[in-house]
Amino acid sequence: MRRRTFLRAVGAGGVAGLAGCTGGDGGSTETSGGETETATGTATGTAGGTPELVVATYGAFVDAPSTSPGPWIKEAFESEFDATLTFATPDSEINYFIERALRDVEIEADAYVGLNVDMLIRIDERLDDGLFTAVDDVDGQGDVKDGLNFDPQGRIVPYDTSYVSLVYNETMDGGEFAAPETFDGLLESAYEGDLLVQNPAASSTGKSFLLHTIKAKGEDGYLDYWQRLQDNGARVLSDWSTSYNAYLEEEAPMVVSYSTDQVYANREGQDLAKHRIRFLNDQGYAYPEGMSVFRDADDPDLARRFLEFMLRPDVQGEIAQRNVAFPATTTAELPGDFAEYAQAPPEAVTFTYDALRDNVSEWTSAWERQFASN
């Protein structure tokens, strides 16, 4: 998750008292790979007499030593394996490698951490041979929770997941505010002007909420539902950070966010009454992140051992705490307070890779045509 990017930016801006989480809006900030960009945004290891494993990822995975999982992973991996782990964080993330593959330029990384289904669809649409090799037989893959595997070809192994939900402020409305329990409830006049949501065309959080409304209302009904949401005063803002800042400023009592919100709130000593979680229709939209091995990795065996390391129960538990997301496996070792504040939905929902590949562009474009100018 890209939460640390937001928190670091907030700290630099001097806004006090934040305890939210962003969750994966990185897709909205990706740009096409540039001719001069290098993949050395964060290099935390150097090759000497030992093998070097280069793992590409997004910046927030490694750039905050106190909270990002990257530094801990590097130290733990190197202490156990006779190898140096170097992280590479190109600004354009996976697009950097897509562009290199299109130009038949060497891929200078062995593995990638931080893949989602949107990235995978983009890779498959642009590259005939893709970027990654099959890794569905690595140790630990069998422990991944049902429903999180999003690649039908087995090239991606999930390592964590988040669930999109409502976060609401119970202290507003005279201290008696409570979010509705259903999608239909959001349309009631009692909630007029109470919801902040992200633009689905520019934010992965907003896109997840859009997809959840399609699950709830169907392909033929979701645009009408969004029209009724907007008629009831729901505000569509550009991205997660903007909407969550507005929520913290109490511009509205509800925001579309993530069900691990209270983990951050508790960690920062915030009032948990301002970070209540609601799963509409008792469902949360799953947003898993995955990892893989590049097809032309210099050391594919070591890269596969790295994936297996990432799936171990102790490592899964550490990643979940530092990345403020749920572990991907059923065997993760987690402290009791994580389970107390990270809320899993009664039912996780998502669309398959095939359904998204065939429809998500049209679903999103239809939403833009109807609402982008409003």
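Residues numbered from 1 in each chain as written. Predicted model: local features only at pLDDT ≥ 70, side-chain atom pairs only at ≥ 80, totals over all residues. Heavy atoms only, no water.

- Per an unreviewed UniProt entry, the protein goes by Thiamine ABC transporter substrate binding subunit and derives from Halobellus rubicundus.

1. A closer look at the environment of Ala372
Next up, step 1: Tracing the chain through its elements places Ala372 in the segment after helix H13 (353-371).
Next up, step 2: A sequence separation of 171 residues divides Ala372 from Ala201, and the C-alpha atoms of the two residues are 8.9 Å apart. (Helix = DSSP H or I, 4+ residues; strand = E, 2+ residues; numbered from the N terminus.)

2. What to know about the packing of helix H6 (residues 204-217) against H13
Next up, step 1: At a closest axis distance of 11 Å, the pairing of H6 and H13 adopts a crossing angle of 100°. With respect to H13, the element H6 is oriented roughly perpendicular. Contacts between H6 and H13 involve Lys207, Leu210, Leu211 and Ile214 from the first element and Leu356, Val360, Trp363, Thr364 and Trp367 from the second. (Axes fitted to C-alpha atoms, helices over the stretch in contact; angles between N-to-C directions. Parallel < 35°, antiparallel > 145°, perpendicular 65-115°, else oblique. Contact = heavy atoms within 4.5 Å.)

3. A look at the side chain of Asn232
Next up, step 1: Examined against the element boundaries, Asn232 turns out to sit in the loop between helix H7 (222-231) and strand E6 (235-237).
Next up, step 2: Among the polar contacts made by the side chain of Asn232, one reaches the main-chain carbonyl oxygen of Leu186 at a distance of 2.9 Å.
Next up, step 3: Once residues lying within four places of it in the same chain are set aside, the contact partners of Asn232 are Leu186, Leu187, Glu188, Ser189, Tyr191, Glu192 and Gly193. (Polar contact = N/O pair within 3.5 Å; in protein donor to acceptor, adjacent residues only side chain to side chain.)

4. Regarding the packing of aromatic side chains
Next up, step 1: This structure, assessed with the given rule, holds 26 aromatic pairs.
Next up, step 2: Centre to centre, the rings of Phe77 and Phe309 are 5.3 Å apart; their planes meet at 75°, and the pair counts as edge-to-face. A residue pair is termed long-range when its members are at least 10 positions apart, and Phe77 in helix H2 (residues 69-80) and Phe309 in helix H10 (residues 300-310) qualify at 232 residues.
Next up, step 3: Its relative accessible area of 2% is what places Phe309 among the buried residues.
Next up, step 4: Taken together, the ring pairs in this structure connect Phe183, Phe209, Tyr225, Trp226, Trp367 and Phe371 into an aromatic cluster.
Next up, step 5: Looking at Lys215, its charged tip hangs above the ring of Phe351, at a distance of 4.5 Å from the centre. (Phe/Tyr/Trp six-rings, centres within 6.5 Å; stacked < 30°, edge-to-face > 60°. Buried < 20%, exposed > 50% of the residue type's maximum accessible area, 1.4 Å probe, protein only. Lys NZ or Arg CZ within 6 Å of the ring centre and 35° of its normal.)

5. Regarding unusual backbone geometry
Next up, step 1: For Glu93, which is not glycine, the phi dihedral falls at a positive 50°.
Next up, step 2: Tracing the backbone shows Glu93 in the loop between strand E2 (84-88) and helix H3 (94-102).
Next up, step 3: With relative accessibility at 7%, the residue Glu93 sits in the buried group.
Next up, step 4: Within the chain, Asp173 stands out as a residue other than glycine whose phi angle is a positive 55°.
Next up, step 5: Here Asp173 shows up in helix H5 (residues 172-175).

6. A closer look at H3
Next up, step 1: Counting buried residues in H3 gives seven out of nine residues, a clear majority hidden from the surface.
Next up, step 2: For H3, the full list of buried residues reads Ile94, Asn95, Tyr96, Phe97, Ile98, Glu99 and Arg100.
Next up, step 3: Buried residues along H3 sit in contact with strand E1 (52-56), strand E3 (111-115) and helix H4 (117-126).
Next up, step 4: A positive phi of about 55° marks Asp104, the residue just after H3.

7. Digging into the confidence of the model for the protein
Next up, step 1: In the predicted model, the protein carries a mean pLDDT of 88, and 86% of its residues have values of at least 70.
Next up, step 2: Low pLDDT, under 50, characterises residues 1-47; the stretch is placed with 136 contacts to residues that sit more than four places away or in other chains. (pLDDT = per-residue confidence, 0-100.)

8. A few points about the pairing of strand E5 (residues 195-198)
Looking along a regular strand, one sees the side chains alternate between the two faces of the sheet.
Next up, step 1: The alternating pattern of E5 places Leu195 and Val197 and Leu196 and Gln198 on opposite faces, both of which are buried.
Next up, step 2: Alignment of E5 against E6, held across three bridges, turns out to be parallel. Opposite Leu196, over in E6, you have Arg235 as the bridge partner. (Pairing = 2+ DSSP bridges.)

9. Some points on the nonpolar core
Next up, step 1: Formed by 67 residues in total, the largest nonpolar core has its most connected members in Ile94, Phe97, Leu131 and Trp226.
Next up, step 2: The leading source of residues in this core is H13, at seven residues.
Next up, step 3: The residues touching Leu131, leaving out its near neighbours within four places in the chain, are Ile94, Phe97, Ile98, Ala101, Ile107, Ile123, Val293, Phe294 and Arg295.
Next up, step 4: Val62, Met291, Ala297 and Ile319 belong to the second-largest nonpolar core, a separate cluster that totals 34 residues. (Core = buried A, V, L, I, M, F, W, Y, C linked by side-chain atoms within 4.5 Å.)

10. Quick word on the pattern of salt bridges
Next up, step 1: In total, this model carries 16 salt bridges according to the counting rule given.
Next up, step 2: The salt bridge partner of Asp137 is Arg304, with a shortest N-O separation of 2.7 Å. Residue Asp137 is located in the loop between H4 and strand E4 (157-168), and its partner Arg304 is located in helix H10; the two are separated by 167 residues in the primary sequence.
Next up, step 3: Relative accessible area serves as the criterion here: at 52%, Asp137 is assigned to the exposed category.
Next up, step 4: Across the salt bridge formed by Glu318 and Arg322, the nearest N and O atoms sit 2.7 Å from each other. With Glu318 and Arg322 both in helix H11 (residues 313-323), this residue pair falls four residues apart, about one helical turn.
Next up, step 5: Ionic contacts of the salt-bridge type, sharing partners, join the residues Glu80, Arg312 and Asp314 into one network. (Salt bridge = Lys/Arg side-chain N within 4 Å of Asp/Glu carboxyl O.)

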